[in-house]
Amino acid sequence: MTIKTALNNTVDRLRAAGIETCRLDAELLVCEAVKCSRIHLITRDNTSLTLQQEADLEAMTLRRLKYEPMQYILGHCEFMGLDFRVTGDTLIPRGDTECLVEHVLDYIKKNNTKTVLDIGTGSGAIIVSLAYYGKIIGTAVDISEGALKVAEENALSNGVKNQISFIKSDLFENLDTKFDVIVSNPPYIERDVIPTLGSNVKDYEPVGALDGGVDGLDFYRAISTAAPGYLNSNGLIAFEIGYNQAEAVKNILVKAGFTDIEIARDLSGLDRVVCARLK
């Protein structure tokens, strides 16, 4: 089977399954199987696949036909212009979270910030990006050993391993220092909503990284309540939030003693970040 035939067959199968990005997905799957760039799909379209390449393509196509996210199939994705490995132990980094990173980076550069704590680091996308672009010293915590392993690998591959400490911890449990910034993209989906999510999310992404409790606010309460004991004076706390959670999270932060609360929107115009200062 040639590259051209393999590509066309894969497109047809994905289209028949109702996958809207069938052409792009097929191109990426064939490139991964053949280990070539997308331009080679045109310039070398008559090249024949080996039996192993055909088998690899078939295995990946079957996974996509079950609506497994492409990022998990390929094993990596882009975030903030950097490449991140992702596995079933981690959420897939999303473009919305770049809003959080950019907001914190702006604060870091304006305030000469030195230390940052990332709670629930997952793939490490947030803390690795902050270390790469902000030159900070970071601490990343997660309750999942699998996620921490992936995050460490991403720190190494992006050249910031020496700037970040990785600690297995349930929120602040195993921490005993203070930080200039605490940042988190915590689980914030309401528990009853999770079964209604698309199969690409509910069937593949770790539920523990999605479930924010009955009202989706459990982790905001827990982090905000304890954070004053781990923030330096005039320190910043910054959260990613669901589009409809800004007021609720703002109220939680006020109750915990934070001031100067700001709400930032993402590129779609939806509330996405809430941050506050500790006086």
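Owing to the predicted nature of the structure, the values given are computational and were not obtained by experimental measurement. Along each chain, residues carry numbers from 1 onward, in the same order as the chain's sequence is written. Reporting of local features is limited, given that this is a predicted model, to residues whose pLDDT is at least 70; pairs of side-chain atoms are given and counted only at 80 or more, and all residues count toward the totals for whole chains, interfaces and linings. To obtain the side-chain values, all non-hydrogen atoms of the structure were used and water was disregarded.

Undergrad: I'd like a rundown of the overall build of the chain, residues and numbers included.
TA: Counting its secondary structure elements, the chain contains 11 helices and nine strands. What the globule rule says is 2.2 Å times the number of residues to the power 0.38, and the radius of gyration is computed from C-alpha atoms. Taken over C-alpha atoms, the radius of gyration comes to 21 Å for the chain, in line with the 19 Å a tight globule of 279 residues would show. C-alpha atoms of the chain, sized along the principal axes, occupy 65 × 40 × 35 Å. Considering the chain as a whole, with its 279 residues, one finds that 48% of them fall into the buried category. A contact between two residues is defined here by any heavy atoms of the two lying within 4.5 Å. Look at the contacts in the chain between residues 6 or more apart in sequence, and 64% of them connect residues 24 or more apart. Accessible area for the chain stands at about 13,400 Å²; split by element, carbon and sulfur atoms hold 50% of it. For the chain, the separation between the mean place of its 29 positive charges and that of its 39 negative charges on side chains is 3 Å. Numbering of helices and strands runs from the N terminus, with a helix taken as a DSSP run of H or I at least four residues long and a strand as a DSSP run of E at least two residues long. Any residue under 20% of the maximum accessible area for its type is buried, any over 50% is exposed, and the rest in between are partly exposed; the area is computed with a 1.4 Å probe on protein chains only. Every accessible area reported is derived by Shrake-Rupley at a probe size of 1.4 Å, with residue values counting cover from the shown protein chains alone. Residues scored as charged are limited to Lys and Arg (positive) and Asp and Glu (negative), so that His and the chain ends carry no count. Here the site of a charge means NZ on Lys, CZ on Arg, CG on Asp, or CD on Glu.

Undergrad: So what's going on with the pattern of salt bridges? Residues and values would help.
TA: The rule for a salt bridge is simple: a side-chain nitrogen of Lys or Arg has to be within 4 Å of a carboxyl oxygen of Asp or Glu. Applying the stated criterion across every chain, the model contains 18 salt bridges. Between Asp-96 and Arg-272 there is a salt bridge, and its shortest N-O distance comes to 3.7 Å. Taken together, the residues Asp-96 in helix H6 (residues 95-111) and Arg-272 in strand S9 (residues 271-278) connect sequence positions 176 residues apart. Among the ionic pairs, Glu-145 bridges to Lys-168, the shortest N-O distance being 3.1 Å. Taken as a pair, Glu-145 in helix H8 (residues 145-157) and Lys-168 in strand S5 (residues 164-168) lie far apart in primary sequence, 23 residues in all. The class for Lys-168 is partly exposed, based on a relative accessible area of 42%.

Undergrad: Describe unusual backbone geometry, with residues and values.
TA: With a phi close to 60 degrees, Lys-35 is a non-glycine residue in the positive phi region. Residue classification places Lys-35 among the exposed positions, given a relative accessible area of 64%. We note that Met-80 has phi near 55 degrees; this positive angle belongs to a residue other than glycine. Among the structural elements, Met-80 can be located in the loop between strand S1 (76-79) and strand S2 (82-85). We classify Met-80 as buried; its relative accessible area is 12%.

Undergrad: Any details on the pairing of S2? Residues and values, ideally.
TA: On a regular strand, each side chain points to the face opposite its neighbour's, so the side chains alternate between the two faces of the sheet. Going residue by residue along S2, you find Leu-82 and Phe-84 tucked away on one face and Asp-83 and Arg-85 left uncovered on the opposite face. Note: two strands are recorded as paired if DSSP finds a minimum of 2 bridges between them. Sheet analysis places S1 next to S2, joined by four bridges and oriented antiparallel. Paired with Glu-78 across the bridge in S2 is Asp-83. Hairpin connection of S1 to S2: two residues between the antiparallel strands, including Met-80 at a positive phi of 55 degrees.

Undergrad: Explain the layout of surface pockets to me, and be specific about the residues and the numbers.
TA: Only protein atoms enter the 1 Å grid used here. Points where a 1.4 Å probe fits but cannot escape make up a cavity, open sets with protein on both sides within 12 Å along at least five of seven lines make up a pocket, and a residue lines them when an atom lies within 4 Å of a point. Grid points are joined across faces, edges and corners, and a volume is the space filled by probe spheres set on the points. Empty space within the largest pocket amounts to approximately 1,200 Å³. In terms of lining, the largest pocket is formed by 47 residues, of which the most central are Leu-91, Pro-186, Pro-187, Ala-209 and Leu-210. Where the lining of the largest pocket is concerned, the elements lending two or more residues are H6, helix H7 (125-134), strand S4 (137-142) and helix H10 (218-226).

Undergrad: Tell me what's going on with the environment of Phe-79, and back it up with residues and numbers.
TA: As for its placement among the helices and strands, Phe-79 is situated in strand S1. Each C-alpha atom, one on Phe-79 and one on Ala-125, is 6.9 Å from the other, the two residues being 46 residues apart in sequence. Not counting chain neighbours up to four residues away, the residues in contact with Phe-79 comprise Phe-84, Pro-93, Arg-94, Thr-97, Glu-98, Val-101, Ala-125 and Ser-129.

Undergrad: Please set out the packing of aromatic side chains residue by residue, giving values where relevant.
TA: Aromatic rings from Phe, Tyr and Trp, with only the six-membered ring used for Trp, were paired whenever their centres fell within 6.5 Å, and each pair was classed as stacked if the ring planes differed by under 30 degrees, edge-to-face if by over 60, and tilted otherwise. Summed over all chains, the structure comprises four aromatic pairs. Considering the side-chain rings of Phe-79 and Phe-84, the 6.1 Å spacing of their centres and the 75 degrees angle between planes classify their relative orientation as edge-to-face. By relative accessible area, which is 0% here, Phe-84 ends up buried. The ring of Tyr-132 carries Lys-135 above its face, with NZ or CZ at 5.8 Å from the centroid. Definition used: whenever NZ (Lys) or CZ (Arg) falls within 6 Å of the ring centre and also within 35 degrees of the ring normal, the charge is taken to sit over that ring.

Keep in mind these values describe shape, not function.
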